[in-house]
Amino acid sequence: MKVLIVRFSSIGDIVLTSPVVRCVKEQTGAQVHFLTKAAFSPTLRHNPHVDRLWTINKEVKEIAAALAAENFTHLIDLHGNLRTLELRQRLYWGHLRRGRRPPVVSTFDKLNVRKFLLTRLRIDRMPEEVHIVDRYMDAVRTLGVTNDGKGLDYFTAPGETVIPPAQHYLAFVIGAAHATKRLEEGQMIALCQRIPVPIILLGGPAERELGERIAASGGHITNGCGAYSLNGSADLVRKAAAVVTHDTGLMHIAAAFGKPIVSVWGNTVPALGMYPYLPEGPAHVVAEVRGLACRPCSKIGYAACPRGHFRCMRDQDLAAIARAALLAVEA
């Protein structure tokens, strides 16, 4: 058995595939390959359950011929878009031209209709308490693979370790792909001022200047945004006493390390199935503004609130978030 698992993006989504990778490898003994975008290769580069990592910059055709020559027996599509449809077709015809049986293809239910009903019409038909990891696992049930309940994996190399600039600190992940998934700058400053323990701000280069302004508001705050590689930031998450985070990739990396998490939600909601996956604990705290008729307004996010009021973030109880963060740090 030779299996190709596909998820092109993004950081969090790829981390959420790790139980599938582990369970396929351990329960079938198959040779496991993974295909993703080159920009996200650090999320899988050191995973011991991946026998070979394939990457593309943009187009499937970059490596389609090489993939077809691998003679995969199974293709596990955990992305389900036009690019993976193209990949299926190229592998199908590539195998036939070589006189080989095309790989058996399986995928998962993206629940797009139900997500549309929830985000556009506020009709909730989402399956209750069904995480996307469980839906990913449905794609490999035909292989006799079941969820082992061990949660997410994330692996880094010894050379990617970071010496924290503080001890027993709170990691605050201030970034997110869309502005409507983030607290506003003034709120982040106010939150940090309510938490009297060392705080390390984490994010990418895009958050560097924001991190500098937040860090300038208190001597207990260190700006780590853009200062480390992805896996360097992951190592700081691993070493943190607790993590406060928006709905973003480092949130899922924190879950992979089993950290106490306080997750802050704006226009998206945990009901979409992307909340921290912690089947073995600890329990995590969700900070969200309930009862807004306009929420969720998107399954992804926007550059600005479509209604202009941004109540899903502006009405957040910062005092409650700070209390939850302090309890997590002290636990």
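The structure we're discussing is the one just above.
The present account deals with the structure reproduced in this document. If you're wondering where the values come from, they're calculated on a predicted model, not measured in any experiment.

## Observations concerning the packing of helix α7 (residues 185–193) against helix α12 (residues 318–330)
Turning to step 1, where the next piece is worked out: Direction vectors running N to C along α7 and α12 enclose 45°, while the axes themselves pass 9 Å from each other. One finds that α7 runs oblique with respect to α12. Pair α7 / α12 crosses with right-handed handedness. Note on element contacts: α12 touches α7 through Leu318, Ile321 and Ala322, opposite Gln187, Ala190 and Leu191.

## Some points on helix α9 (residues 230–239)
Turning to step 1, where the next piece is worked out: Burial of α9 is extensive: seven of the ten residues sit out of reach of the surface.
Turning to step 2, where the next piece is worked out: Residues of α9 that are buried include every one of Asn231, Gly232, Ser233, Ala234, Asp235, Leu236 and Val237, and no others.
Turning to step 3, where the next piece is worked out: For α9, the secondary structure elements touched by its buried residues are β7 (199–202), β9 (242–246) and α10 (249–256).

## Remarks on the packing of aromatic side chains
Turning to step 1, where the next piece is worked out: In the structure shown here, the tally under the stated rule is three aromatic pairs.
Turning to step 2, where the next piece is worked out: Summarising the aromatic geometry, the rings of Tyr92 and Trp93 are spaced 5.1 Å apart at their centres and angled 90° between planes, so their arrangement reads as edge-to-face.
Turning to step 3, where the next piece is worked out: Classification of Tyr92 as partly exposed rests on a relative accessible area of 40%.
Turning to step 4, where the next piece is worked out: Note on Tyr154 and Phe257: the rings are 6.1 Å apart at their centroids and 85° apart in plane angle, and the pair reads as edge-to-face. With Tyr154 in the loop between α6 (132–138) and β6 (170–173) and Phe257 in the loop between α10 and β10 (261–264), the pair connects residues that are 103 residues apart, well separated along the chain. Pair check on accessibility: Tyr154 and Phe257 agree, each one buried.
Turning to step 5, where the next piece is worked out: Here Arg52 stacks its cationic end above the ring of Trp54, 3.8 Å away from the centre of that ring.
Turning to step 6, where the next piece is worked out: The residue whose ring lies beneath Arg83 is Phe8, and the NZ or CZ to ring-centre distance is 5.6 Å.

## What about the pairing of strand β4 (residues 74–77)?
Turning to step 1, where the next piece is worked out: Burial of β4 is two-sided: the residues His74 and Ile76 facing one way and the residues Leu75 and Asp77 facing the other way are all buried.
Turning to step 2, where the next piece is worked out: In this sheet, β4 lies alongside strand β1 (residues 2–6) in parallel orientation, the contact comprising four bridges. Bridge pairing in β4 places Val3 opposite His74.
Turning to step 3, where the next piece is worked out: Where β4 meets strand β5 (residues 104–107), four bridges bridge the pair, whose relative direction is parallel. Across the sheet, Ile76 pairs through a bridge with Ser106, a residue of β5.
Turning to step 4, where the next piece is worked out: Note that the unit made of β4, helix α4 (residues 82–97) and β5 has a crossover that is right-handed.

## Notes on the sheet that holds β10
Each strand in a sheet pairs with its neighbour through backbone hydrogen bonds, running either in the same direction (parallel) or in the opposite one (antiparallel).
Turning to step 1, where the next piece is worked out: Strands sit in the order β8-β7-β6-β9-β10-β11 across an open sheet of six strands; the sheet is parallel. Of all strands in the sheet, those with a lone pairing partner are β8 (221–223) and β11 (285–287), marking the two edges. Averaged over all neighbouring strand pairs, the angle between strand axes comes to 20°, with direction disregarded.
Turning to step 2, where the next piece is worked out: Bridge count for β10 against β11 is three bridges, and the pairing is parallel. Paired with Val264 across the two strands is Ala287, which belongs to β11.
Turning to step 3, where the next piece is worked out: The strands that α7 touches are β6, β7, β8 and β9; relative to β6, the one it contacts most, it runs at about 175°.

The rules we used
- Residues numbered from 1 in each chain as written.
- Predicted model: local features only at pLDDT ≥ 70, side-chain atom pairs only at ≥ 80, totals over all residues.
- Heavy atoms only, no water.
- Axes fitted to C-alpha atoms, helices over the stretch in contact; angles between N-to-C directions.
- Helix = DSSP H or I, 4+ residues; strand = E, 2+ residues; numbered from the N terminus.
- Parallel < 35°, antiparallel > 145°, perpendicular 65-115°, else oblique.
- Left-handed = near helix turned anticlockwise from the far one by under 90°.
- Contact = heavy atoms within 4.5 Å.
- Buried < 20%, exposed > 50% of the residue type's maximum accessible area, 1.4 Å probe, protein only.
- Phe/Tyr/Trp six-rings, centres within 6.5 Å; stacked < 30°, edge-to-face > 60°.
- Lys NZ or Arg CZ within 6 Å of the ring centre and 35° of its normal.
- Pairing = 2+ DSSP bridges.
- Right-handed = clockwise from strand over helix to strand, strands pointing away.

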